[in-house]
Amino acid sequence: MSARKSNLLSLVVVLALLVPGGVPATSAQPQSAFSHALPPVRDDQLQGVMPAAPIYSLELVGQIGGATNAVAVQGDYAYVGVGPRLVTLNISNPANPVVVGQTGVLPDVVQGVVVTGTYAYVAAGDSGLRIINVSDPAAPANAGSYDTPGFAEGVAVAGNHAYVTSGGLRIIDVSNPAAPSEVGYTPVGGQDVAVAGNYAYLADESGMRIINVSTPAVPTQVGFYDTPGVARAVVVAGNYAYVVDDYGGLRVIDVSDPVAPSQAGFYDKPGPAGDAEAEGVAVAGNYAYVADGNSSLQIIDVSNPATLSEAGFYDTPGAAYGVAVAGNYAYVADGFSGMRIIDVSTPAVPTETGFYDTPGFAERMAVAGNYAYIADGSLRIIAVSNPAAPTETGFYDTPRGAQGVAVAGNYAYVADGDSGLRIINVSTPAAPTEAGFYDTPGWAWGVAVAGNYAYVADEPSGLRIINVSNPAAPTEAGFYALGSAHSVAVAGNYAYVANDGFGLRIIDVSNPAAPMEVSYYDTSGSVWDVAVAGNYVYVADMAGGLVILRFVVYTNFLYLPLISR
């Protein structure tokens, strides 16, 4: 796994240091709706005197940050997808964009957005199409939704219809935003869609497909152009469709005859194959603006489609996924670097005017006393008694590459990839030595220590519970199979496991030999790190940002299930 992933969103570990303790709250009666736990018990079911087992509930408390995949601009406002929220920014002063509003947490990460009139139409992954009323940019509000069967990635709106790529092309009647309904469908889908006149233009894995949508109930493919790679995005201006192709650059397709589209020109950035991956495109005047993944924002002169040339470029700090253009500015959705505002009034010399940054990441580390212990492929011990002048005191090169670290007493416990758990004696920080090790079955990503046990997040074998009462001879006490475990935190009788694309898992470890899952919460992306402080669980989600949950155990219920009335 890359260093980027191993370091992803690990700043939540710091949060765990802010509040001591970390045990679930208890309540005699539910205070809110249950989320991803056992179903709530209605009052009319509370009958009889049979004592019930505790009910475990994880409740969403808050969320911040996430990947920036999409941006749309209308007037003085930019509408930016930040993780599972749509954020509105006042961009009347591009040098100082100001957040004026945001939606609540949507069910999934924003993949695409288009704004028409007083509504923003959001392609929100597994949760389909979300319609947001933005008549008051400071208070965007949910107006309606349509849960498409597939994964919604691209969206376009024309007249009373929204066109959504989600397991095919879905045509949604949005004349009543509160009750959108599907009126047409074709299994021909893609990652992005543009609509012009009677045609929808789809960017899919094979190239560009042209769909006749003059009769929304019966969309029909009429044309196709095979691009060299995977078509990622498409816009249409006049008789030309501009398609960005992952490794094929910008392709300009003449669509004056939709049945027989033909290439008019192309521009592919010079360099080794794989250096760039075109992700998004916008066209304004004589220029196409290409979001080129890790390479930059490319500005291509398209005044003569047969002889395209690069007019300028701007190397954004992150990975450029999407772009919108309004006036003299290009607005770039730059992955984990937020939205960048680029002055393109002089295409040959684009300059960054302003930006809106989403929360970033920190290294995996643990702090104990005057020392910080950093896992960065090895164990580094840093004296932090003088925060203004931290100095490396000691170093231990673990066999495989340190991925995570926890410290208890005189020992640092290192999750060391496929060499398992390494136990390092750090009683003399300048001369750390290995005291013992336990080779877990998979790849050890993270570790937590409580009492005599180390809890290792081990992929793909799940949670491994290791008895470390004798550091020289650790032994496995128990395990819980979870698959892709990336991080773990322990508080009281519970282990909280970051389970990648399967969310957060809570495991009762009161009996280490027989751990038992009691609850889970499925976030909008992939969970890579977790920390617990007080009654709150802080979850680092790869695309969904920081998610804050409250873990509640409801006890003292006396009920029998309702059999009949």
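Rules used in this analysis
Residues numbered from 1 in each chain as written. Predicted model: local features only at pLDDT ≥ 70, side-chain atom pairs only at ≥ 80, totals over all residues. Heavy atoms only, no water. Helix = DSSP H or I, 4+ residues; strand = E, 2+ residues; numbered from the N terminus. Buried < 20%, exposed > 50% of the residue type's maximum accessible area, 1.4 Å probe, protein only. Contact = heavy atoms within 4.5 Å. Areas by Shrake-Rupley, 256 points an atom, 1.4 Å probe, with all protein chains shown as cover. Polar contact = N/O pair within 3.5 Å; in protein donor to acceptor, adjacent residues only side chain to side chain. Pairing = 2+ DSSP bridges. Axes fitted to C-alpha atoms, helices over the stretch in contact; angles between N-to-C directions. Phe/Tyr/Trp six-rings, centres within 6.5 Å; stacked < 30°, edge-to-face > 60°.

**A closer look at the overall build of the protein chain**
- Tallying secondary structure elements over the protein chain gives 2 helices and 49 strands in all.
- Relative to its 565 residues, the protein chain shows a buried fraction of 52%.
- Expressed as a percentage of contacts within the protein chain between residues at least 6 apart in sequence, the contacts between residues at least 24 apart total 46%.
- In the form shown here, the protein chain has an accessible surface area of approximately 22,300 Å², with 50% of it arising from carbon and sulfur atoms.

**Description of the side chain of Thr148**
- Within the secondary structure, Thr148 sits in the loop between strand S10 (141-146) and strand S11 (154-158).
- Within the structure, the side chain of Thr148 is placed 2.7 Å from the side chain of Ser166, a separation counted as a polar contact.
- The residues touching Thr148, leaving out its near neighbours within four places in the chain, are Gly128, Leu129, Val164, Ser166 and Arg170.

**Observations regarding the sheet that holds strand S14 (residues 181-186)**
- Strand order across the open sheet formed by 4 strands is S11-S12-S13-S14, with antiparallel pairing between neighbours. Each edge of the open sheet carries a strand with a single partner, namely S11 and S14. In this sheet, neighbouring strand axes are inclined to one another by 20° on average, regardless of whether the strands run parallel or antiparallel.
- Two elements, strand S12 (residues 161-165) and strand S13 (residues 169-173), share 5 bridges in a ladder whose sense is antiparallel. Within S13, the position partnered with Val164 by the bridge is Arg170.

**Structural notes on unusual backbone geometry**
- The omega torsion across Glu459 and Pro460 is 5°, close enough to zero to call that bond cis.
- Looking at the element boundaries, Pro460 is found in the loop between strand S40 (453-459) and strand S41 (462-467).
- Not every positive phi belongs to a glycine, and Asp500 is a case in point at roughly 55°.
- Secondary-structure assignment places Asp500 in the loop between strand S44 (494-498) and strand S45 (504-508).

**Let's talk about the pairing of strand S47 (residues 527-533)**
- Burial analysis of S47 places 7 of its 7 residues in the buried class, which makes it a mostly covered element.
- Note: S47 against strand S48 (residues 536-541), 6 bridges, orientation antiparallel. Paired with Val530 across the two strands is Val539, which belongs to S48.
- Between the antiparallel neighbours S47 and S48 lie 2 residues, among them Gly534 with a positive phi of about 60°.

**Observations concerning the packing of aromatic side chains**
- Across all of its chains, the model carries 6 aromatic pairs by this definition.
- Measuring from ring centre to ring centre gives 6.5 Å for Tyr119 and Tyr121, while their planes differ by 55°; the resulting arrangement is tilted.
- Classification of Tyr119 by relative accessible area gives partly exposed; the value is 22%.
- Aromatic pair Tyr496 and Phe551: ring centres 6.0 Å apart, planes at 90°, arrangement edge-to-face. Note that Tyr496 is positioned in strand S44 and Phe551 in strand S49 (residues 545-554), a separation of 55 residues in sequence. Grouping residues by exposure puts Tyr496 and Phe551 together as buried.
- An aromatic cluster is defined as three or more aromatic residues linked by ring pairs; in this entry it consists of Trp443, Trp445 and Trp528.

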